[in-house]
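Commentary on secondary and tertiary structure
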Amino acid sequence: MFQSKPFIFAFSTFALCYGTSAHAEITAEEVWAEWQSMTQAMGQEVTAANVRETGNGLLVSEFTTTTNQQGAISTGSIDEVTITENGDGTVTVTFSDEYTITSSSEVQMGGGSAPKGGGAGSNGRLSQMIEVGLSISGLSTASLVVSGEPQDRLYAYDAPSLTLELTQIEGPSDAAEDISMSVTFAENTAEYRLIGDGNTPSEMAFSGNTGAMTGIVSAIENGMNISANFNLQQLSNEGEIDLASYASFLQMGFADAGENLAMRMQGGYASAGFQMRIIEGGTTMVLGGSNQGGTLNMALADGGMQLGQSSQNPSFQASGSGIPAPIAVSATSSELSLLIPVEAMPEPSDMAFRIDYQDLTLGDDLWNLFDPGNNIPRDPANFTLDLTGQVQMFQSLLNLDPDTIQSAPGELRSAQLNELAVSAAGVELGGTGQLSFAPGQIVPMPVGQIDLTATGLFALLDRLTAAGFLPAEQAAMARGVSAMFARPGAGPDTLESTIEFTPNGGITANGFPLQ
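Below is a summary of the structure that appears in this document. (Residues numbered from 1 in each chain as written. Predicted model: local features only at pLDDT ≥ 70, side-chain atom pairs only at ≥ 80, totals over all residues. Heavy atoms only, no water.)

**A closer look at the overall build of the protein**
Rule in force here: Here a helix means four or more residues in a row that DSSP labels H or I, a strand means two or more in a row labelled E, and each is numbered from the N terminus. Each residue's exposure class comes from its accessible area (1.4 Å probe, protein chains only) as a fraction of the maximum for that residue type: buried when under 20%, exposed when over 50%, partly exposed otherwise. The contact definition used throughout considers only heavy atoms, calling two residues in contact when any of these lie within 4.5 Å.
Helix and strand counts for the protein come out as 6 helices and 30 strands. The buried share of the protein, reckoned over its 515 residues, is 37%. Here the contacts in the protein between residues at least 6 apart in sequence split such that 60% fall between residues at least 24 apart.

**Overview of a negative patch on the surface**
Threshold: Patches draw on residues past 30% relative accessible area with no salt bridge. Two like charges within 9 Å are joined, as are two nonpolar side chains (Val, Leu, Ile, Met, Phe, Trp, Tyr) within 5 Å. Shrake-Rupley sampling with a 1.4 Å probe provides the accessible areas, and residues are treated as covered by the protein chains on show and by no other component. Within this document, salt bridges are pairs made up of a side-chain nitrogen of Lys or Arg and a carboxyl oxygen of Asp or Glu, the two lying within 4 Å of each other. Neither His nor the chain ends contribute to the count of charged residues, in which Lys and Arg are positive and Asp and Glu negative. By convention, the point assigned to a charge is CZ for Arg, NZ for Lys, CD for Glu and CG for Asp.
On the surface, Glu62, Asp79, Glu80, Asp97, Glu98 and Glu165 cluster together into a negatively charged patch. Structurally, Glu80 can be placed in strand E4 (residues 72-85). Owing to a relative accessible area of 37%, Glu80 belongs among the partly exposed residues under this scheme.

**Some details on the nonpolar core**
Definition in use: Only buried residues count toward a nonpolar core, which is a set of Ala, Val, Leu, Ile, Met, Phe, Trp, Tyr and Cys residues joined through side-chain atoms within 4.5 Å.
Core analysis: the largest hydrophobic core is formed by 48 residues, its most contacted members being Phe63, Val81, Ile83, Val93, Leu139 and Tyr157. In this structure, Leu435, Phe437, Ile499 and Phe501 belong to the second largest nonpolar core, which totals 6 residues.

**Structural notes on the packing of aromatic side chains**
The test is simple: Pairing of aromatic rings covers Phe, Tyr and the six-membered ring of Trp, with a centre-to-centre limit of 6.5 Å; geometry is then stacked below 30 degrees between planes, edge-to-face above 60, and tilted otherwise.
Per the stated rule, a full pass over the model turns up 6 aromatic pairs. Ring plane angle 80° and centroid distance 5.9 Å describe the contact between Trp32 and Trp35, whose orientation is recorded as edge-to-face. Here Trp32 pairs with Trp35, and both are found in helix H2 (residues 28-41), just 3 residues apart, close to one helical turn. The two residues Trp32 and Trp35 agree in class, both being buried. Consider the rings of Trp35 and Phe63, whose centres lie 5.0 Å apart with planes at 40°: the pair is tilted. Placement of the pair is Trp35 in helix H2 and Phe63 in strand E3 (residues 57-69), with a sequence separation of 28 residues. A relative accessible area of 0% means that Trp35 is categorised as buried.

**Things to note about the pairing of strand E18 (residues 304-312)**
Heads up, the rule is: Strands are treated as partners if at least two bridges between them are detected by DSSP.
Alignment of strand E17 (residues 294-301) against E18, held across 8 bridges, turns out to be antiparallel. Paired with Ala301 across the strands is Gly304, a residue of E18. Strand direction decides the pairing type here: E18 and strand E21 (residues 333-341), joined by 9 bridges, are antiparallel. Residue pairing in the sheet places Gln306 in a bridge with Leu339 of E21.

**Some thoughts on unusual backbone geometry**
Most of the time, phi is negative for any residue but glycine, and the peptide bond is trans. Positive phi, close to 55°, is recorded for Glu187, a residue that is not glycine. On the secondary structure map, Glu187 appears in strand E11 (residues 178-196). A residue is classified by how much of its surface remains accessible, and Glu187, at 57% relative accessible area, is exposed. At Asn313, a position not held by glycine, the phi torsion is positive, near 50°. Along the chain, Asn313 falls in the loop between E18 and strand E19 (315-320). On the basis of relative accessibility, which here comes to 33%, the residue Asn313 falls in the partly exposed class.

None of this, on its own, says anything about what the molecule does.
Shown next, in the form of structure tokens:
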């Protein structure tokens, strides 16, 4: 596989659809001038073959924007953009139907033979250019209304239906031989507010809704035929972006400008689903999944990155000639969140990680493969892990070069186990704890303790023995070993253990030395 520099699609589209600015009694000429000024401030080259006055505005023909980010070049173009003065102090922008985007970037191959037309980069890795073409159609039914003052401009965007299609992909020899993609966005509305100078605004706040997003993807590669479709319903999003740091990022990339990039985005949807079919040789595999709504969020600020997602009633299914039994997995809820420091800081920075699955179940077809006698309880399982702590960062994670890195970019200073809660097969495990780590250690040596509680372990051993999964001698040995590392708890079939990490590198369980 290959790795590449990011393609700059997003801002070209933003500049086309949302990149104008307005104030009370604004004219079409002012909108066009401010549009050019702002896109150029973002590091883009803006051209138009012709700008012609109409009776109440301007007609811009063969409009093109070009962005070059460290050799990754993206060009967006549209035949016509019409800027119309409404007579009430607002301006409406309309478009011809299709907007095309062509992006090219150098990719570095992960290994193998040299690709056709490729060569070796400065780091000795094989490289080749990849080109991607996209088109967005349906813009002729879209409109953008611009209003507000120079320092506080509002854009109201409406597009009944837009279709994004992959029109071209050329590049590495390991790319798919034939690939197609089409994604439709229905009932789109959005509002964008730009705050600051009209030519170079400093902040953008946005919100939007899409009634439905549906897509079809197919690919053929080395005799493998893959087809998939997906859908999301009732999407919404909102957030803010610091445009000054975003402009630097567009021009210089993460390596040189990522440390100052500040943005926050969050969104949700009412439901989602996908289906995929993979055919290779004489085998077929069918995959599918769905949920009943979820959320996504991302933030970059103050040297840290935050990512998160959650979903309600997620489910996954898989079947096919290469699978011994159909697979069905579901839960009532899932959550994953991550906070990591990404920039060097003089003091330790916060970190956090949380994963949570509730009422996780496996289908009976899968259970029956290894437990046909139904000896193991099939009650829904739960899993929660919640960690927080601090990390001392010495280097930026956004501009690390894997070929030149000499030491770890940071050191763990503390870790707190806020919650460990696992329940499955009739067993419950819980834990909390606090650990600290001294600076300058090649191998991190924790100091602190973790408290663990388990319920139902002995009952599970009895069931496994009765089912023939575990010999009685091994079950008896497990009971004996547990007495060395755990003590009886307050309730029946309950064990407790305190794991201590001492300053001299020792580890004990209820006072019994482990190291």
